[in-house]
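Below, each chain spelled out in residue letters.
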2 protein chains.
Amino acid sequence: MTTTLPSEVSASQSLVRPALREAVDTLEPAMRRIVSYHLGWTDQHGDAVEGGGGKALRPALALLAAQAVRARPEAALAGAVAVELVHNFSLLHDDVMDGDTERRHRPTVWALFGTPAAILAGDALLALAVEVLEATGDLAAGRCLTSAVRRLIEGQTADIDFEGRALVGVEECLRMEDGKTASLMSCAAELGALLGGGDEAGVAALGRFGRNLGMGFQLVDDLLGIVGHPDVTGKPVLADLRVRKKSVPVVVALNSGTDSAAALREFYRGDRPPTEDDIQAMAALIDDTGAITWTRERARHYIAEAEASLAAVNPPEEIRAALADLTRFVVERDR
Amino acid sequence: MTTTLPSEVSASQSLVRPALREAVDTLEPAMRRIVSYHLGWTDQHGDAVEGGGGKALRPALALLAAQAVRARPEAALAGAVAVELVHNFSLLHDDVMDGDTERRHRPTVWALFGTPAAILAGDALLALAVEVLEATGDLAAGRCLTSAVRRLIEGQTADIDFEGRALVGVEECLRMEDGKTASLMSCAAELGALLGGGDEAGVAALGRFGRNLGMGFQLVDDLLGIVGHPDVTGKPVLADLRVRKKSVPVVVALNSGTDSAAALREFYRGDRPPTEDDIQAMAALIDDTGAITWTRERARHYIAEAEASLAAVNPPEEIRAALADLTRFVVERDR
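If you're wondering where the values come from, they're calculated on a predicted model, not measured in any experiment.

(A) Structural context of the overall build of chain A. Looking only at helices and strands, one finds 16 helices and two strands in chain A. Since a compact globule built from 335 residues should have a radius of gyration of about 20 Å, the 20 Å found for chain A is in line with a globular shape. C-alpha atoms of chain A, sized along the principal axes, occupy 55 × 50 × 35 Å. With 335 residues in all, chain A has 56% of them scored as buried. Within chain A, contacts between residues separated by at least 24 positions form 74% of all contacts whose residues are at least 6 apart in sequence. By element, 51% of the accessible surface of chain A is carried by carbon and sulfur atoms, the whole surface being about 13400 Å². With 34 positive and 49 negative side-chain charges, chain A shows a spacing of 1 Å between the two charge centroids.

This is how it looks when you write it as structure tokens:
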């Protein structure tokens, strides 16, 4: 599978990029340099880089949600910028907390500029996101963002808490991923609908779309962390297994009550870094329990829920098609 | 000198503490536990502690500012809670960035619960501060807070940048301390006046009061980091010299063009941790340049400016007296 980004996502980048740059340009030069590097706009010397940056799914979602309630995409621009800033705040801090030295095939900010720089850059982006929405004067939009940030932090707290626990339930693991990923996706769509002047039902329905899309996205991410190819994901192969991350498929496998689960549990009990052989064995055991299939099915279920939630919105036909493209990309992507 | 907290500060604590607790209680249990420990309400096992917590100067300033514009202190409660949350967000992240293992005679959060916990707790308090002000529906208050957070982060970024530089100017060092400390003090007073319904001139004057008070406070803090006693400050003796911190008196000394400055510069060039003898020699050299006297005078100048700015406000007599108490405490304190 080599799934490319839907064209709506690339199109939204041409709208979002200048607005994002305008926001980042208000930061002090030293901070701007670090943030520009993190966003993939410049290399470590501050020289411009072509075609850098992440997928920018969240901003695309915000713009499409505005269009779904029949506003122009520009109406949601502040929301698109705010969610992208919050997403990058969380990446900057996550990389410090996880000790990850690489992201998108480049050294992470803390690895290159030091931990204080990465902490401060994350703080600056969170504050900037709030400022960008404050400038719209829309209090509901501001509340939507901070409530997503709260759930995001709760999800990350649970994620770290799981590391130190032998037993993690499937439901709490799904709740963790809902906080960590789906909350901000939900917020992106809600913000787009809110700023686009959508009614309460429309905002809620698009929020559900974003939440389900986010859950589907995260479960596929979990699968890629177990079966993904490093040359396309930008992460080392089987990265989640290497650090014994308790993602949904792992937790489903550990809770499956099978013989393979018992064997897998032994690997998750260890303290030493697993060897290459260990990692291959762990991946095979997880698959044996049926957890890969379970997770793939569950991801499809969330995506179906996302599509169903659009019934309450009745978006213009080309926007419905674009949102469907986005859902397909999320389940079929290989990076 | 054994200067105690002015009674207004202690009085404001009885109003602020329950409101702060109410805000913190909305956090998830795992996060609440860490934050309660950090705020000095509980020990590391989660058991309640008597008389814990910091000076809570910023909340007191917010409440007094509301009273200065003839509102009840309760009007400023959300502002008081928000600035205290932002202050603690910055302490949590600062301790990680500086690698400080003790604060107020207790292990810091990262030292006890790990770096991820401290980063996430800081993030949670920043988001919570924004939420608390959003709940007031006062957009100007929200903007006041985020603009202070931005300057706070700029100040911390400059502080870290200075560590890696041989030459730092006195003006940029004062600007750094303005960002790091005075901005949030200014915000506390502005928020109090804003939420208390003060007019534009009153809000601006109280903002100037807070900013000058903050600068005075920070300069005294810098002096205590060079000449302070560890048994009262809760910091190891001459702590700022130990880590070669470029605080205002140090930068003034380094830029004094004296023979002592040249000798001091040698100490600041080193990479190894300074010995006890080095530290004593550094303190003596700084004093020789006249930088201690200069900084003390400058602190008094800021405090005089703070008092002068109150002329534009005409607060009730007992509030003027309370604000004067606060300024006296700031310059005369020994911790």
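(B) Up close: helix α4 (residues 77-98) of chain A. Residue and element names in this part refer to chain A. Given a rise of 1.5 Å per residue, 22 residues ought to cover 32 Å, and the 31 Å separating the end C-alpha atoms of α4 matches this to within 8%. For α4, the tally of buried residues reaches 21 of 22 residues, placing the bulk of the element in the interior. Once α4 ends, the next one or two residues include G99, with phi positive near 70°.

(C) A look at the nonpolar core. Grouped together as the largest cluster of nonpolar side chains are 166 residues, with contacts concentrated most on L145 of chain A together with L145 of chain B. Dropping the residues within four chain positions of it, L145 of chain A is found in contact with A82, V83, V86, A129, V130, L133, C187 and L191 of chain A. Of all hydrophobic cores here, the second largest spans 32 residues; its members include M176, L223, L241 and A299 of chain A.

(D) Summary view of the relation of the copies chain B and chain A. Rotating chain B by 180° and moving it 0.0 Å along the rotation axis overlays it on chain A with an RMSD of 0.0 Å. Interpreted geometrically, this transformation is the action of a two-fold axis. Comparing contact sets, 100% of the residues at the interface of chain B also lie at the interface in chain A, consistent with an isologous, same-surface contact.

(E) Representation of the interface of chain B and chain A within the structure. Taken together, the 34 residues of chain B in the interface contact 34 residues of chain A. For the chain B and chain A pair, buried surface summed over both sides reaches about 3000 Å², with 69% attributable to carbon and sulfur atoms. When the buried surface of chain B facing chain A is broken down by residue, L120, E134 and R150 of chain B rank first, second and third, together holding 20% of it. Inspection of the chain B/chain A interface yields two salt bridges. Here E131 of chain A and R150 of chain B are joined by a salt bridge, their closest N and O atoms 2.8 Å apart. Viewed at the interface, chain A and chain B are joined by 10 residue pairs in polar contact (both at pLDDT 80 or more).

(F) Region of interest: helix α1 (residues 7-24) of chain B. Residues and elements named next belong to chain B. With 18 residues, α1 extends 25 Å between its outermost C-alpha atoms, agreeing within 8% with the 26 Å of an ideal straight helix rising 1.5 Å per residue. Along α1, the sharpest change in direction is near 35° and occurs at L15; proline P18 comes one to four residues later. Among all positions in α1, only V9, S12, V16, A19, L20, A23 and V24 are buried. Here the buried face of α1 lies against α2 (29-38), α3 (57-68), α4 (77-98), α6 (115-134) and α16 (317-332).

(G) Molecular detail of unusual backbone geometry. All names here are of chain B. The phi angle at H105 is positive, at roughly 65°, despite the residue not being glycine. Take H105: it is sitting in the loop between β1 (102-103) and β2 (106-107). Of note in the backbone geometry, N314 takes a positive phi value of approximately 55° without being a glycine. Locating N314 in the fold gives a position in the loop between α15 (291-309) and α16. With a relative accessible area of 48%, N314 lands in the partly exposed category.

(H) Just the environment of K180 of chain A, in detail. All names here are of chain A. Within the secondary structure, K180 sits in helix α8 (residues 170-195). K180 sits 30 residues away from R150 along the chain, and the two C-alpha atoms are 9.9 Å apart. For K180, the contacting residues outside a window of four places in its chain are R151, L152, G155, Q156, D159, Q218 and K245.

(I) Up close: the packing of aromatic side chains. All names here are of chain A. Taken as a whole and judged by the stated rule, the model has two aromatic pairs over all chains. Both rings, one in Y37 and one in F113, keep their centres 5.6 Å apart while their planes meet at 75°; by these two values the pair is edge-to-face. With Y37 in helix α2 (residues 29-38) and F113 in helix α5 (residues 109-113), the pair connects residues that are 76 residues apart, well separated along the chain. Here F113 falls in the partly exposed class, since its relative accessible area comes to 24%. Against the face of W41 rests R21, its NZ or CZ located 4.5 Å from the ring centre.

(J) The arrangement of the packing of α15 of chain B against α16 of chain B in detail. Residue and element names in this part refer to chain B. α16 packs onto α15 with a crossing angle of 175° between their chain directions and a minimal axis gap of 10 Å. Comparing the axis directions of α15 and α16 gives the class roughly antiparallel. Contacts between α15 and α16 involve A299, I303, A306 and E307 from the first element and A324, T327, V330 and V331 from the second. In terms of residue class, the contact of α15 with α16 is made up of six nonpolar, one polar and one charged.

(K) Quick peek at the environment of I319 of chain B. All names here are of chain B. Mapped onto the elements, I319 comes out in helix α16. For the pair I319 and A68, spaced 251 residues apart in the sequence, the C-alpha separation amounts to 6.1 Å. In this structure I319 touches L64, Q67 and A68, once residues within four positions along its chain are discounted.

(L) Here's a closer look at the state of the cysteines. All names here are of chain A. Counted according to the given criterion, the structure contains zero disulfides over all chains. In this model C144 remains outside any disulfide bridge; the closest cysteine sulfur is found in C187, 3.7 Å from its own. Relative accessible area serves as the criterion here: at 8%, C144 is assigned to the buried category.

(M) Molecular detail of the pattern of salt bridges. All names here are of chain A. Per the stated rule, a full pass over the model turns up 26 salt bridges over all chains. For R165, the salt bridge is made with D161, and the minimal N-O distance between the two is 3.0 Å. Note on R165: relative accessible area 26%, which makes it partly exposed. The salt bridge involving R211 is made with D178; its shortest N-O contact spans 2.7 Å.

(N) Representation of the environment of I153 of chain A within the structure. Mapped onto the elements of the fold, I153 of chain A is located in helix α7 (residues 139-163). Take I153 of chain A: its relative accessible area is 3%, and that puts it in the buried class. Here the alpha-carbon distance between I153 of chain A and S90 of chain A, two residues 63 residues apart in the chain, equals 8.5 Å. If we ignore the near neighbours within four places in the chain, the residues touching I153 of chain A are M31, L120, D123, A124 and A127 of chain B.

Conventions and cut-offs
- Residues numbered from 1 in each chain as written.
- Chains lettered and ligands numbered in written order.
- Predicted model: local features only at pLDDT ≥ 70, side-chain atom pairs only at ≥ 80, totals over all residues.
- Heavy atoms only, no water.
- Helix = DSSP H or I, 4+ residues; strand = E, 2+ residues; numbered from the N terminus.
- Rg over C-alpha atoms; globule rule 2.2 N^0.38 Å.
- Buried < 20%, exposed > 50% of the residue type's maximum accessible area, 1.4 Å probe, protein only.
- Contact = heavy atoms within 4.5 Å.
- Areas by Shrake-Rupley, 256 points an atom, 1.4 Å probe, with all protein chains shown as cover.
- Lys, Arg positive; Asp, Glu negative; His and termini not counted.
- Charge placed at Lys NZ, Arg CZ, Asp CG, Glu CD.
- Expected span 1.5 Å × (residues − 1).
- Core = buried A, V, L, I, M, F, W, Y, C linked by side-chain atoms within 4.5 Å.
- Least-squares fit on C-alpha atoms with pLDDT ≥ 70 in both.
- Buried area = accessible area lost by both parts, 1.4 Å probe.
- Salt bridge = Lys/Arg side-chain N within 4 Å of Asp/Glu carboxyl O.
- Polar contact = N/O pair within 3.5 Å; in protein donor to acceptor, adjacent residues only side chain to side chain.
- Bend = angle between axes of the 7 residues up to and from the residue.
- Phe/Tyr/Trp six-rings, centres within 6.5 Å; stacked < 30°, edge-to-face > 60°.
- Lys NZ or Arg CZ within 6 Å of the ring centre and 35° of its normal.
- Axes fitted to C-alpha atoms, helices over the stretch in contact; angles between N-to-C directions.
- Parallel < 35°, antiparallel > 145°, perpendicular 65-115°, else oblique.
- Nonpolar A, V, L, I, M, F, W, Y, C, P; charged D, E, K, R; others polar.
- Disulfide = S-S within 2.5 Å.

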